[in-house]
Amino acid sequence: MRLAYQPPYDWAAMLGFLSLRAITGLESVEAGVYRRSIRVGGCHGWISVESGAGDWLEVGVEVSDAAALAEVERRLRAMFDLDAQPGLINAQLATDPLMAQLVAARPGLRVPGAWDGLELAIRAVLGQQITVVAAIRLAGKLVAQYGQPLATPHAGITHLFPTPQVLAQADLATLGMPKARGRTMSGVAQALLDDPQLFEPKASLNDGVARLMALPGIGDWTAQYIAMRQMREPDAFASGDVGLINALAALEGGPVSARQLLVRAEAWRPLRAYAAQHLWASLQRAD
């Protein structure tokens, strides 16, 4: 497939984001190519994604049923934010002086999405109050223990992500995490079985966040993160995120609280998710 987008597109930033969060056995980033295993309905396979020679991404797909290709394309367009309109987004954000600087530095920045809602929710819960590196290590253990083995030509792609049926019944605390967090992940999996539309966009951002926060163990940060990356809500904003707080403090030269960040973010509506991505990217540049 060739999946077109409106330029510019910051492929390096997208790849860097995915690389930092790549789960062993499930996905890999190597030599500018993102690869992962996929499940669509009852079929499975794997994909590879890289930057094309023009304004498109080059995608290789291997699936057990060609009927799944349309859904694969839909998910990839969401995952790589290919329908974004950077000209409009950048012009809106640039009305704020701070964002104008960040947009000028990375005009092609996108909000990375996710292949699957349950997978993203599990990643988000694993990431509660621990580092990205620690969360990804736990995710790798989860995939190895509960994911279905998959033979692929790619050495780093060995398993599919666990199904909700498996996760709903599993004692996930055995992976080495608080029991409450394990129960939260199993509860999310069961909630998806009860409501297959759980991670689909709702009537509004507030509706979507409220539905997620009704689940035991899901707070505002986790709900906003899922809304941002899976529900594709452009105004989702996890104001309690330590990275966002630190980024704003570094950029504006002073201590910042979660409340102050939320107030400051009013200037970035209705595109706070893109503003958040720029703040996270500013931390990477500082490193």
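This report concerns the structure included in the present document. (Residues numbered from 1 in each chain as written. Predicted model: local features only at pLDDT ≥ 70, side-chain atom pairs only at ≥ 80, totals over all residues. Heavy atoms only, no water.)

A few points about the overall build of the protein
- Across its full length, the protein holds 13 helices and five strands.
- At 18 Å, the protein has a C-alpha radius of gyration in line with the 19 Å of a compact globule built from 287 residues.
- Projected onto its principal axes, the C-alpha coordinates of the protein cover approximately 50 × 45 × 35 Å.
- Considering the protein as a whole, with its 287 residues, one finds that 53% of them fall into the buried category.
- Of the accessible surface of the protein, which amounts to about 12,500 Å², a share of 55% is contributed by carbon and sulfur atoms. (Helix = DSSP H or I, 4+ residues; strand = E, 2+ residues; numbered from the N terminus. Rg over C-alpha atoms; globule rule 2.2 N^0.38 Å. Buried < 20%, exposed > 50% of the residue type's maximum accessible area, 1.4 Å probe, protein only. Areas by Shrake-Rupley, 256 points an atom, 1.4 Å probe, with all protein chains shown as cover.)

Remarks on the nonpolar core
- Formed by 92 residues in total, the largest nonpolar core has its most connected members in F80, L142 and W268.
- If we skip the residues at most four places from it in the chain, L142 touches I122, G147, F161, P162, L167, L172, L175 and M185. (Core = buried A, V, L, I, M, F, W, Y, C linked by side-chain atoms within 4.5 Å. Contact = heavy atoms within 4.5 Å.)

A few points about helix α8 (residues 179-194)
- Taking 1.5 Å per residue, 16 residues should reach 22 Å; α8 reaches 22 Å between its end C-alpha atoms and fits that length.
- Among the residues of α8, R181, G182, T184, M185, S186, V188, A189, A191 and L192 are the ones counted as buried.
- Summarising the contacts, the buried residues of α8 are in contact with α5 (117-126), α6 (132-146) and α7 (164-169). (Expected span 1.5 Å × (residues − 1).)

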